[in-house]
Amino acid sequence: VFGDSFMGDIFDNTTTGNTGNGIGIANSVASFTGNISDNTSNDNGDGGISVFADSFMGNISDNRTNNNQLNGIGISDSVASFAGNISDNTSKNNGDGIIVYSESFSGAIIDNVLSENNSGGREFYAINSGTGMFNLFLSGNSSTNIVPAGQFNFDLQNNGAGTFNVTPNDVDAANDPGTVGS
């Protein structure tokens, strides 16, 4: 998707074998308002579903991403503001399962199924890169990877000067230290 702004939904598409992203929202898009849902994106040279727009408001749900070089679902560091949910997606054998890299984030990562991403390492990566608020709600996600000691399936990092708030609703980090951390 290219242009100044986009309002609408991207749904029920299948992308396979592209040299770039399967589905991409270009950084020339100042604002994206809508949903990305029910898509299948496999075997692409970059990401399965990649968002580069300056501002994203909507949901990314019910997608299937497999065997993509970089990530299954990626929110790029060019995204200054993200408001929405990433839910009910299946991501298998991608560079990263889901990566969220934003200066300001308000949303939930809910009921995603991640497996065999990042060569068996981290499957979800969230980075607060700016001075804004990063409010993340985690619930019902699964990862089949068994990560080495000191690594995490859900890796959360605050690399900016902003505030990073995490609600790991149903994660017992004390008894499962390989699950969530930074």
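These remarks concern the structure in this document.

Calculation notes
- Residues numbered from 1 in each chain as written.
- Predicted model: local features only at pLDDT ≥ 70, side-chain atom pairs only at ≥ 80, totals over all residues.
- Heavy atoms only, no water.
- Buried < 20%, exposed > 50% of the residue type's maximum accessible area, 1.4 Å probe, protein only.
- Helix = DSSP H or I, 4+ residues; strand = E, 2+ residues; numbered from the N terminus.
- Pairing = 2+ DSSP bridges.
- Patch = residues over 30% accessible without salt bridge, like charges linked within 9 Å, V, L, I, M, F, W, Y side chains within 5 Å.
- Areas by Shrake-Rupley, 256 points an atom, 1.4 Å probe, with all protein chains shown as cover.
- Salt bridge = Lys/Arg side-chain N within 4 Å of Asp/Glu carboxyl O.
- Lys, Arg positive; Asp, Glu negative; His and termini not counted.
- Charge placed at Lys NZ, Arg CZ, Asp CG, Glu CD.
- Contact = heavy atoms within 4.5 Å.
- Core = buried A, V, L, I, M, F, W, Y, C linked by side-chain atoms within 4.5 Å.

1. Points about the pairing of strand β14 (residues 96-102)
Phase 1 of the analysis: With 6 of 7 residues buried, β14 is to be regarded as a mostly interior element.
Phase 2 of the analysis: The sheet contact formed by strand β11 (residues 71-79) and β14 spans 5 bridges and is parallel. Its bridge partner being in β14, Gly-74 is matched across the sheet by Ile-99.
Phase 3 of the analysis: As paired strands, β14 and strand β17 (residues 124-128) are joined by 5 bridges and run parallel to one another. Its bridge partner lying in β17, Tyr-101 is registered against Ile-127.

2. Here's the deal with unusual backbone geometry
Excluding glycine, a negative phi dihedral is what most residues carry, and trans is how most peptide bonds are arranged.
Phase 1 of the analysis: Its identity is not glycine, yet Asp-12 carries a phi of approximately 60°, on the positive side.
Phase 2 of the analysis: For Asp-12, the position within the fold is in the loop between β2 (10-11) and β3 (14-16).
Phase 3 of the analysis: Using a relative accessible area of 61% as the deciding quantity, one classes Asp-12 as exposed.

3. What about a negative patch on the surface?
Phase 1 of the analysis: On the surface, Asp-12, Asp-38, Asp-62, Asp-88 and Asp-111 cluster together to form a negatively charged patch.
Phase 2 of the analysis: The exposure class assigned to Asp-62 is partly exposed, which follows from its relative accessible area of 33%.

4. Focus on the pattern of salt bridges
Phase 1 of the analysis: Considering all chains together, one arrives at 2 salt bridges under this definition.
Phase 2 of the analysis: Between Lys-92 and Glu-116 there is a salt bridge, and its shortest N-O distance comes to 3.8 Å. In this pair, Lys-92 is assigned in strand β13 (residues 90-92) and Glu-116 in the loop between β16 (113-115) and β17, connecting sequence segments 24 residues apart.

5. A look at the environment of Gly-45
Phase 1 of the analysis: When you line up the elements, Gly-45 lands in the loop between β7 (40-42) and β8 (49-51).
Phase 2 of the analysis: Note: C-alpha distance between Gly-45 and Thr-19 (26 residues apart in sequence) is 4.4 Å.
Phase 3 of the analysis: With near-sequence residues (within four places) excluded, Gly-45 lies in contact with Asn-18, Thr-19, Gly-20 and Gln-69.

6. Section: the nonpolar core
Phase 1 of the analysis: The biggest cluster of nonpolar side chains holds 29 residues, and the ones touching the most others in it are Ile-36, Val-51, Ile-60, Ile-86, Val-100, Phe-124 and Leu-136.
Phase 2 of the analysis: In this structure Ile-60 touches Ile-36, Val-51, Ile-73, Ile-75, Phe-82, Asn-85, Ile-86, Ser-87 and Asn-89, once residues within four positions along its chain are discounted.

7. Topic: the sheet that holds strand β19 (residues 142-143)
Phase 1 of the analysis: Within the open sheet, the 6 strands sit side by side as β3-β7-β10-β13-β16-β19. Their pairing is parallel. Either end of the sheet is taken by a strand with one partner, and the two such strands are β3 and β19.
Phase 2 of the analysis: Alignment of β16 against β19, held across 2 bridges, turns out to be parallel. In the strand pairing of β19, Val-113 is matched with Ser-142.

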